[in-house]
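# Residue-level structural notes
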Amino acid sequence: ICVSAVPVLFKQALENTDMEEGKSVSLRCELTKADATVVWKKGGATLQASAKYEMKQKGTVAELVIHNAEPEDA
């Protein structure tokens, strides 16, 4: 038996978002498969959950919340 996994694709990709320094900003994307593993990166560095970065996922929607946003978060 040969089973082929269907790749996970973006149904709705990230969009550019304006932010206000010191506030929280939310980035969301929608995937074609529920509960797929999502890794958030900035440049080549993988972001880890912390007081600064909050990762959420419900069904096909993945969200990254950046608390106390700074220009360096762009």
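Residues numbered from 1 in each chain as written. Predicted model: local features only at pLDDT ≥ 70, side-chain atom pairs only at ≥ 80, totals over all residues. Heavy atoms only, no water.

## Some points on the overall build of the protein
Rules: Helix numbers and strand numbers start at the N terminus; a helix is a DSSP run of H or I with at least 4 residues, a strand a run of E with at least 2. The globule rule is 2.2 Å times the number of residues to the power 0.38, and the radius of gyration it is compared with is taken over C-alpha atoms. A 1.4 Å probe rolled over the protein chains alone gives each residue an accessible area, and that area as a share of the maximum for its type sets the label: buried under 20%, exposed over 50%, partly exposed in between. In this analysis, two residues are considered to be in contact whenever any of their non-hydrogen atoms come within 4.5 Å of each other. A residue counts as positive if it is Lys or Arg and as negative if it is Asp or Glu; His and the chain ends are not included. To locate a charge, the coordinates of NZ of Lys, CZ of Arg, CG of Asp or CD of Glu are taken.
Each helix and strand in the protein was counted, giving zero helices and six strands. Starting at the N terminus, the α and β elements of the protein follow one another as β-β-β-β-β-β. For the protein, whose C-alpha radius of gyration is 14 Å, the value lies well above the compact-globule estimate of 11 Å for 74 residues. By principal-axis analysis of the C-alpha atoms, the protein measures approximately 55 × 20 × 20 Å. Residue burial in the protein is summarised as follows: out of 74 residues, 20% are buried. A separation threshold of at least 6 residues defines the contact pool for the protein, and within that pool the share at least 24 residues apart is 46%. Both charge centroids of the protein, one from 9 positive and one from 11 negative side chains, sit 7 Å from each other.

## Looking at the confidence of the model for the protein
Keep this limit in mind: Residue-level confidence of the predictor is summarised by pLDDT, bounded by 0 at the bottom and 100 at the top.
Here the protein averages 88 in pLDDT, while 93% of its residues score no lower than 70. Predicted confidence in the protein is weakest over strand E1 (residues 10-12), with a mean pLDDT of 84, and strongest over strand E5 (residues 53-58), with 95.

## Digging into the side chain of Glu-63
Take Glu-63: it is sitting in strand E6 (residues 61-66). By relative accessible area, which is 12% here, Glu-63 ends up buried. Each residue touching Glu-63, except ones within four places of it in the same chain, is listed here: Ser-26, Leu-27, Arg-28, Trp-40, Glu-54, Met-55 and Lys-56.

## Re the pairing of E6
Basically, it comes down to this: Pairing between two strands is assigned when DSSP locates at least 2 bridges connecting them.
With respect to burial, E6 is a largely interior element, five of its six residues being buried. In this sheet, E6 lies alongside strand E2 (residues 25-31) in antiparallel orientation, the contact comprising six bridges. Among the inter-strand pairings, Cys-29 is bridged to a residue of E6, identified as Ala-62. Here E5 pairs with E6 via six bridges, running antiparallel. Following the sheet pairing, Lys-58 is matched in E6 by Val-61. Linking two consecutive strands that pair antiparallel, namely E5 and E6, is a turn of two residues; a positive phi of about 60° is found at Gly-59 within it.

## Brief notes about the pattern of salt bridges
Put simply, the test is: Within this document, salt bridges are pairs made up of a side-chain nitrogen of Lys or Arg and a carboxyl oxygen of Asp or Glu, the two lying within 4 Å of each other.
For the structure on display, the rule yields five salt bridges. Ionic pairing is found between Arg-28 and Glu-63, a salt bridge with its closest N-O pair at 3.3 Å. Taken together, the positions of Arg-28 in strand E2 and Glu-63 in strand E6 put the pair 35 residues apart, joining distant regions of the chain. Of the charged contacts in the structure, one is a salt bridge between Lys-52 and Glu-70, with a shortest N-O distance of 3.3 Å. With Lys-52 in the loop between strand E4 (45-46) and E5 and Glu-70 in the segment after E6, this residue pair connects regions lying 18 residues apart in the sequence. On the basis of relative accessible area, Glu-70 is assigned to the partly exposed category, the value being 33%. Taken together, the shared-partner salt bridges connect Lys-52, Glu-70 and Asp-73 into one network.

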